[in-house]
Amino acid sequence: MAEKRIIGIIPTRMGSSRFPGKPLEKIHGMPMVGHCFFRSKMSTLLSDVYIATCDQEIFDYSNEIGAKVVMTGSHHKRATDRTAEAVLKIEEDTGSSIDIVVMIQGDEPMIYPDMIDAVVSPLIEDSSIVISNGFAPLMNRREQDDPNEVKVVIDRQGFAMYFSREPIPSWKMGAESVPMNKQVCIIPFQRDFLLTFLDLEPTPLEIVESVDMLRAMEHGYRVKMIRMDRETYAVDTRDDLENVESLMEHDPLMKEYIKNR
């Protein structure tokens, strides 16, 4: 079997509604998107990592650090749309088709390369799995109540049953004894399914929850979920940024890509 071409794409923009400009906010002296890029590059399964953006500031910074970068349209409302545009441009520029696209959110600066490898592996092993996501346990009730944390419930075969920004499962009937999990935004797609996904009509649950994966599920596709055993946090607010910076104080990977650590 021919080796698959697997690339990572980090879709990012300055205009976040919750935290404008956050991709270039610094964590231990490096912009957050730089942490995402260098850590993703350590994956053993990715042949390349690209940053996809509509902002000149991010484009310029990507060039400064030697990252491959794709300028995309400013009209995209969802990360999947930006990722798909980048895929088509990369294929056109390189003259080579892509097999699996890993969408890595630019607000996951604590990502570890083995997390990427773990969530990609099911798509390599079974081509009928068209999309997968990482997940990790919620650590406390505060996280479950936080609308910035996308919660997920998972069936016994390891596929998502539902995603929500609301606290699920419900606490009213003793849910503290039931696993509570959050989505970790490392999302591999079989390349053709990513383009199919964009052609699917947006769905009511996707819209009200603001979770892309629900579009796939409402159209009958299954989302494979892979447990992440590392404790990581995304950055949605300035408080999150300060928390992540504190947690990364003794991060073992930073010395490999930040000089003078």
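Remember, predicted model here, so these are calculated numbers, not experimental data.

K.L.:
Could you clarify how one ought to interpret the side chain of Lys 22 in this entry?
P.N.:
As for its position among the elements, Lys 22 is in the loop between strand E1 (6-11) and strand E2 (26-27). Engagement of the side chain of Lys 22 in a polar contact is seen with the backbone oxygen of Val 235, the distance being 2.7 Å. Not counting chain neighbours up to four residues away, the residues in contact with Lys 22 comprise Ser 16, Met 32, Asp 107, Val 235 and Asp 236.

K.L.:
In this structure, what is going on with a nonpolar patch on the surface? I would like to understand it.
P.N.:
Together, Leu 205, Ile 207 and Val 208 give the surface a local cluster of nonpolar side chains, amounting to about 290 Å² of exposed area. Tracing the chain through its elements places Val 208 in helix H7 (residues 204-209). Assessed through its relative accessible area of 64%, Val 208 is described here as exposed.

K.L.:
Is there a simple way to explain the pairing of E1 in this structure?
P.N.:
Side chains on a regular strand alternate between the two faces of the sheet. Of all six residues that make up E1, six are buried, and the element is covered over most of its length. In E1, alternate side chains face the same way, and those of Ile 6, Gly 8 and Ile 10 on one face and Ile 7, Ile 9 and Pro 11 on the other are all buried. In terms of strand pairing, E1 meets strand E6 (residues 100-104) through four bridges, oriented parallel. Residue pairing for E6: Ile 9 is matched across the bridge by Met 103. Where E1 lies against strand E4 (residues 48-53), five bridges are found, and the strand directions are parallel. Looking at E4, one finds that Gly 8 is bridged to Val 49.

K.L.:
What is the right way to read helix H9 (residues 238-247) from this model?
P.N.:
Helical geometry: 3.6 residues make up each α-helical turn, so side chains three or four residues apart lie on a common side. For H9, the set of buried residues is Asp 240, Leu 241 and Val 244. Buried residues of H9, seen end-on, are gathered within an arc of 100° and therefore sit on one face of the element. In this structure, H9 carries Asp 239, Glu 242 and Ser 246 as exposed residues pointing more than 90 degrees from its buried face. Considering only its buried residues, H9 is in contact with E2.

K.L.:
Sorry, what's going on with the nonpolar core here?
P.N.:
For soluble globular proteins, nonpolar side chains are generally found buried alongside one another. Among the nonpolar cores identified, the biggest contains 43 residues, and Ile 10, Ile 51, Val 102, Ile 116, Ile 186 and Met 228 are the most heavily contacted of them. Here this core takes five residues from helix H4 (residues 113-125), the largest share from any one element. Ignoring sequence-local partners within four residues, the contact set of Ile 10 consists of Val 33, Cys 36, Phe 37, Ser 40, Val 49, Tyr 50, Ile 51, Ala 52, Ile 104, Gln 105 and Gly 106. Listed in part, the 33 residues of the second largest apolar core include Ala 52, Ala 79, Leu 200 and Ala 216.

K.L.:
Is there a simple way to think about the sheet that holds strand E8 (residues 151-154) in this case?
P.N.:
Two orientations exist for strands paired in a sheet by backbone hydrogen bonds: parallel and antiparallel. Strand order in the open sheet formed by five strands is E9-E8-E10-E7-E12, with mixed pairing between adjacent strands. Both outer strands of the open sheet, strand E9 (160-164) and strand E12 (224-227), are each paired with one neighbouring strand and no more. Taken pair by pair, the neighbouring strands of this sheet meet at an average axis angle of 40°, ignoring direction. Sheet topology note: the strand E7 (residues 132-137)/E12 ladder contains four bridges and is parallel. The residue bridging Ser 132 from the neighbouring strand is Lys 224, located in E12. Sheet strands touched by H4: E7, strand E10 (181-184) and E12. Its angle to E7, the strand with the most contacts, is close to 135°.

Each value, and the rule that gives it
- Residues numbered from 1 in each chain as written.
- Predicted model: local features only at pLDDT ≥ 70, side-chain atom pairs only at ≥ 80, totals over all residues.
- Heavy atoms only, no water.
- Helix = DSSP H or I, 4+ residues; strand = E, 2+ residues; numbered from the N terminus.
- Polar contact = N/O pair within 3.5 Å; in protein donor to acceptor, adjacent residues only side chain to side chain.
- Contact = heavy atoms within 4.5 Å.
- Patch = residues over 30% accessible without salt bridge, like charges linked within 9 Å, V, L, I, M, F, W, Y side chains within 5 Å.
- Areas by Shrake-Rupley, 256 points an atom, 1.4 Å probe, with all protein chains shown as cover.
- Salt bridge = Lys/Arg side-chain N within 4 Å of Asp/Glu carboxyl O.
- Buried < 20%, exposed > 50% of the residue type's maximum accessible area, 1.4 Å probe, protein only.
- Pairing = 2+ DSSP bridges.
- Arc of directions from axis to C-beta.
- Core = buried A, V, L, I, M, F, W, Y, C linked by side-chain atoms within 4.5 Å.
- Axes fitted to C-alpha atoms, helices over the stretch in contact; angles between N-to-C directions.

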